[in-house]
Amino acid sequence: MSKSPPSELRSVVLGVGACLPDKTLTNADLEKMVDTSDEWIVQRSGIRERHIAGEGETTATLGAKAAERALASAGVDAQSIDLIICATSTPDYTFPASATQIQAALGIRHGVAFDLQAVCSGFVFAVATADKFLRSGSHKRALVIGSETFSRILDWQDRTTCVLFGDGAGAIVLDAQENTDGRGVLASRLRSDGRHREKLFVDGGPSSTGTVGHVRMVGKDVFRHAVGQVSDVMLGCFEDCGISAADLDWFVPHQANKRIIDASAEKLGIAPEKVVQTVQLHGNTSAASIPLALSAAVADGRIKRGDLVMIEAVGGGFTWGAAIVRW
Ligand code: UT7
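Parameters and conventions
In every chain, residue numbers begin from 1 and rise along the written sequence. Note on the predicted model: pLDDT of at least 70 is required for a residue's local features to be given, and 80 or more for side-chain atom pairs to be given and counted; whole-chain, interface and lining totals, by contrast, use all residues. Note: side-chain values were computed over all heavy atoms of the structure, leaving out hydrogens and water. Note on definitions. A residue lies near a molecule or strand when any single heavy atom of the residue is within 4 Å of it. For the purposes of these results, a polar contact is taken to be a pair of N or O atoms within 3.5 Å, where, inside protein, one atom must be able to donate a hydrogen and its partner to accept one; residues adjacent in sequence count only when each atom of the pair is a side-chain atom. Note on areas: these come from Shrake-Rupley sampling with a 1.4 Å probe, and a residue is covered only by the protein chains present in the view. Here a strand is any run of E in DSSP of at least two residues, a helix any run of H or I of at least four, and the numbering for each starts at the N terminus. When residues are grouped by polarity, Ala, Val, Leu, Ile, Met, Phe, Trp, Tyr, Cys and Pro land in nonpolar, Asp, Glu, Lys and Arg in charged, and all others, Gly among them, in polar. Domain start and end points were adopted from an automatic or database domain assignment. Pairs of strands are assigned from DSSP output, requiring at least two bridges between the strands. For helices, the fitted axis covers only the stretch in contact; all axes are lines through C-alpha atoms, and the angles between them, taken along N-to-C directions, range from 0 to 180 degrees. We call two residues in contact whenever any of their non-hydrogen atoms come within 4.5 Å of each other. Salt bridges are defined as contacts in which a side-chain nitrogen from Lys or Arg sits within 4 Å of a carboxyl oxygen from Asp or Glu. Only protein chains enter the accessibility calculation, which uses a 1.4 Å probe. A residue is then buried if its area is under 20% of the maximum for its type, exposed if over 50%, and partly exposed in between.

Glancing now at the site of the ligand. Surveying the vicinity of the ligand reveals 22 residues, the closest of which are T36, R44, R159, K220 and N257. The contact in question runs from an oxygen atom of the ligand to an N or O atom on the side chain of R44, over 2.8 Å. Side-chain polar atom of H254 to an oxygen atom of the ligand: 2.9 Å apart, as the coordinates give it. Burial of the ligand by the surrounding chains reaches 74%, relative to a free accessible area of 950 Å². Secondary-structure elements contributing two or more residues to the shell around the ligand are α2 (38-45), α6 (159-162), α7 (219-228) and α9 (258-268). By residue number, the principal contributor to the shell around the ligand is α7, which donates 4 residues. Among the residues forming the shell around the ligand, the class breakdown is 11 nonpolar, 6 polar and 5 charged. Per-domain counts for the shell around the ligand show at least three residues from each of domain 1 (10-177) and domain 2 (184-326).

Here's what the structure looks like:
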């Protein structure tokens, strides 16, 4: 993965939207369920509450709501979308893809919709993938969605994982444009290393156990990898754009853990006031966390048109990636 080939086309962000289930679960609620404490959860992760999908709410329904809000914020009609990519590790069904259910919910019958699975890195992978479709000229306008219902694959007896994750969805609309005034996806770098499967995985699946399974994690090893080894993709994006960390307006990393976010920003020399953090409000929502954070920062006026934004994530596999976008 390297910098954009010479092309007239760029993928410009037109809008962003999010959807969190109404139901919340606080650290105090969790104290009644497993041997944990608000103090431990806040100190180790920064998380104060997470949202949990209710009856009838699924990855596809949350994703469709986030997509509708992104379309509204972009001011474009659903019928103008010809590419839908939904990043998720918690699809409603083993198949069909949640993206096709979202496509149907939006009343779109043309174009193409598919899921992309890179766990917590899914949204970055989906942005990079959509960008390549759009810049090739094969598609014109994309919905890039991250949607997850991790509450359905948590072991609610396992305090080392169940306190960390939550449900939600976020989406952006990307438009293939010429003469963008420097706006658009400027660079993306993706990586994976499959040797680390057992550090963060789900202990079930259609082809292994025939069950859905539960999230299992060696937290310390994931933490070490997340802080120690993923700066290569961010430095690669800086190189591709000919910029340094000081040129960024906003750093919007995967929202897994406040300590990982703080340590990653410090390592790259990104000032704390440029870091968008929403993990305290929704926990780790995997592929949904970056568009949820983007949506919050656009809604409160922090991220504005023309700002230079870097997104970055690491997830099971391991997978990791980064992208730089001129908003
Ligand atoms: O998107 C990628 C997804 N994953 C992540 O980002 C997670 C990355 N890892 C982490 O965020 C951190 O490793 C954790 C937050 C999961 C854990 O923090 P830690 O500082 O690495 O703690 P630890 O795993 O070393 O556990 C410390 C202690 C242990 O007790 P002992 O062995 O020292 O007696 C754990 O059993 O904390 C205990 N512990 C808990 N205590 C209260 C583990 N979970 C809990 C809990 N409440 N929920």
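The next point concerns the environment of P21. Residue position: P21 is located in the loop between β1 (10-19) and β2 (24-26). Between the C-alpha atom of P21 and that of L235, which follows or precedes it by 214 residues, the distance is 35 Å.

Strand order in the open sheet made by the 5 strands is β1-β7-β6-β4-β5, with mixed pairing throughout. Strands at the two margins of the open sheet, each flanked by one partner only, are β1 and β5 (112-116). Across the sheet, the mean angle separating the axes of adjacent strands is 20 degrees when strand polarity is ignored. Two elements, strand β4 (residues 83-87) and β5, share 5 bridges in a ladder whose sense is parallel. Bridged to I84 within β5 is A113. Along the sheet face, helix α5 (residues 122-136) touches β1, β4, β5, β6 (141-149) and β7 (167-177) and points at about 165 degrees away from the line of β6. Sheet contacts for helix α11 (residues 289-299): β1, β6 and β7; angle to β1, the most-contacted strand, approximately 90 degrees.

Tallying each qualifying case throughout the model produces 13 salt bridges. Linking R159 and D35 is a salt bridge whose minimum nitrogen-to-oxygen distance equals 3.6 Å. With R159 in helix α6 and D35 in the loop between α1 (27-31) and α2, the pair connects residues that are 124 residues apart, well separated along the chain. On the basis of relative accessibility, which here comes to 45%, the residue R159 falls in the partly exposed class. Take D35: its relative accessible area is 63%, and that puts it in the exposed class. Between D221 and R224 there is a salt bridge, and its shortest N-O distance comes to 3.1 Å. One end of the pair, D221, and the other, R224, are both in helix α7, 3 residues apart, so they sit about a helical turn from each other. When salt bridges that share partners are traced, they join D155, D158, D203 and R216 into one network.

On to helix α8 (residues 231-241), then. For an α-helix, 3.6 residues make a turn, and residues three or four places apart therefore share a direction. Considered for burial, the residues of α8 that qualify are S231, V233, M234, G236, C237, F238 and D240. Buried residues along α8 sit in contact with β8 (184-192), α7, β11 (250-253), α9, β12 (308-315) and β13 (319-326). Just past α8, the residue G242 takes up positive phi, approximately 65 degrees.

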